[in-house]
Amino acid sequence: MTTLEAIKYKRGELQVLDQLKLPHEFAYDNVSTCEEAFDCIKSMRVRGAPAIAIVAALALAVELEHKKDGTKQKADTIKYINSKLDYLMLSRPTAVDLSNAIKLLKKKVADTAAASLTPDQTLACADVRQSYIDGAEKILEDDLTANLAIGRYGAEYLRRQQMPIITPVKDADSLKYYTTSPPGTQGAPDRTYRKLSVLTHCNTGSLATSGHGTALGIIRSLHKMNYLDTAYCTETRPYNQGSRLTAFELIFEKIPSTLITDSMAGALFSRMKEEKNISAVIVGADRVARNGDTANKIGTYGLAVLAKYHGIKFIVAAPTTSIDLYTESGASIKIEDRAQTELTQITGAVVDKNGKVDVNTTARVAIADQRINVWNPSFDVTPHELIDAIITEKGEVVRSSKGTFNFRSLMPQRWREQVDGSDESQATTNGSQGLATPLSDESTQFPMESI
């Protein structure tokens, strides 16, 4: 295997990597129905907001390619598609990528149906199916393009935070530095900079997206550009996406990396910040509210608090599809509670008495008294005041001097349709309350379309 792929797709066929079996076993599930996609998402065999949306969209595309809808009237085809999309939405309500994809696909189908005036209902049904399939495949294509852009923008943002080294570098330490021209200069002499280290939480790489990743995509880009010293990853309890998946991806890509438990982050920042030049915490997002509040894997909020105390940048990496302009703040984001057994039991490959992992044998074991009460929310919400920058495929948005985020110029059309168009007076009020930065504060946003 040359590249990591969570999703393998060709028209009429969808395979989804069972991430519950990683890192010891690669097994792909054939997904040919929306019900199978729902089960993949709900059981977390596929996870990550972009990947969830892609799998849901493509599963219905597979059904339609094989005409499993069985409809003979255009109106019935549309009804079938909409009902299946409504069903898939219930698999993971927190992930805004899924709801955005569903809205986009419903609109595309409706537009196609309205434009199709042929009296031949067989042809009209075929047009609607084809329109949906094309739309679903475009979501897959656009996600990879967006991830690559997020990686570049994020790496360049972090590079600009670094100050050049004045004192000569000892030969023994040369691998800890890189030499390049200062950011934003042309023709200036090269300067020497320390490589930087970062911490990431949960899994936001190829396994959570169509490829490359969001937060982990930035780390990949840092490594490729020779800016990276070490990538630290948390184990990410209770489901261990960090130790099972992120650690695996980092090793696979030969990126210098170290695994820590979730509770070690504060000690890491305190003891290793200067020595390792720990410059940022980089996380993904399941949903970013209009004011910048971000819902992400449980434990993200605590890392933001620690980063703030230690003077470390806290960065959210997310495609614009994860930004929910309808949701004014994190207070309105629904948080899903998971099963208590995720915290009290664990499944893994068996290790024999010699320390060798037997990938063919797995066991589920109890790691807590099974009678204990458990609170197991999947996500928490990090307040926008603790976030320094949100990196998207269109560039970066930084927190302004007023402590607010402004997405208006980043997504002008969506802002007009979803904020100004829905209630212009309310949007103005929100801006005055700090829920959206007014246009006069545009200097805090750094558009990077030229990179």
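Residues numbered from 1 in each chain as written. Predicted model: local features only at pLDDT ≥ 70, side-chain atom pairs only at ≥ 80, totals over all residues. Heavy atoms only, no water.

## Quick notes on the domain arrangement of the chain
Considered domain by domain, the chain is made up of domain 1 (7-143) and domain 2 (191-418). Its C-alpha centre places domain 1 at a distance of 27 Å from the equivalent point of domain 2. Taken together, the 29 residues of domain 1 in the interface contact 29 residues of domain 2. For the pairing of domain 1 and domain 2, the buried interface totals around 2,400 Å² over both sides, and the portion due to carbon and sulfur atoms is 54%. (Domains from an automatic or database assignment. Contact = heavy atoms within 4.5 Å. Buried area = accessible area lost by both parts, 1.4 Å probe.)

## Brief notes about helix H4 (residues 96-115)
Taking 1.5 Å as the rise per residue, H4 with 20 residues should run 28 Å; its terminal C-alpha atoms sit 29 Å apart, in good agreement. All buried positions along H4 are accounted for by Val96, Asp97, Leu98, Ser99, Asn100, Ala101, Ile102, Leu105, Val109 and Ala113. (Helix = DSSP H or I, 4+ residues; strand = E, 2+ residues; numbered from the N terminus. Expected span 1.5 Å × (residues − 1). Buried < 20%, exposed > 50% of the residue type's maximum accessible area, 1.4 Å probe, protein only.)

## Some words on the UniProt feature "active site" (unreviewed entry) in the chain
The UniProt feature table records "active site" (unreviewed entry) at Asp286. Structurally, Asp286 is set in the loop between strand S9 (278-283) and strand S10 (287-289). Judged by its relative accessible area of 9%, Asp286 falls in the buried class. (UniProt positions renumbered as here; feature names shortened; annotations may be inferred.)

## Topic: the nonpolar core
In this structure, Ile7, Leu14, Leu60, Ile81 and Tyr132 are the most contacted members of the largest nonpolar core, which totals 45 residues. Counting only elements with at least two residues in this core, the list comes to strand S2 (13-17), helix H1 (34-42), helix H2 (49-65), helix H3 (74-89), H4 and helix H5 (121-160). The biggest single contributor to this core is H2, with 13 residues. With residues near it in sequence (within four places) discarded, Tyr132 still touches Ala56, Ala57, Leu60, Ala61, Leu64, Ile81, Leu85, Leu105 and Val109. Residues Tyr232, Ala307, Val316 and Ile390 belong to the second largest nonpolar core, which totals 30 residues. (Core = buried A, V, L, I, M, F, W, Y, C linked by side-chain atoms within 4.5 Å.)

## Overview of the UniProt feature "site: Transition state stabilizer" (unreviewed entry) in the chain
This chain's UniProt record puts "site: Transition state stabilizer" (unreviewed entry) on Cys202. Residue position: Cys202 is located in the loop between strand S6 (196-200) and helix H6 (215-224). Apart from residues lying up to four places away in sequence, Cys202 is in contact with Arg47, Thr234, Thr236, Gln241, Gly242, Thr246 and Lys297.

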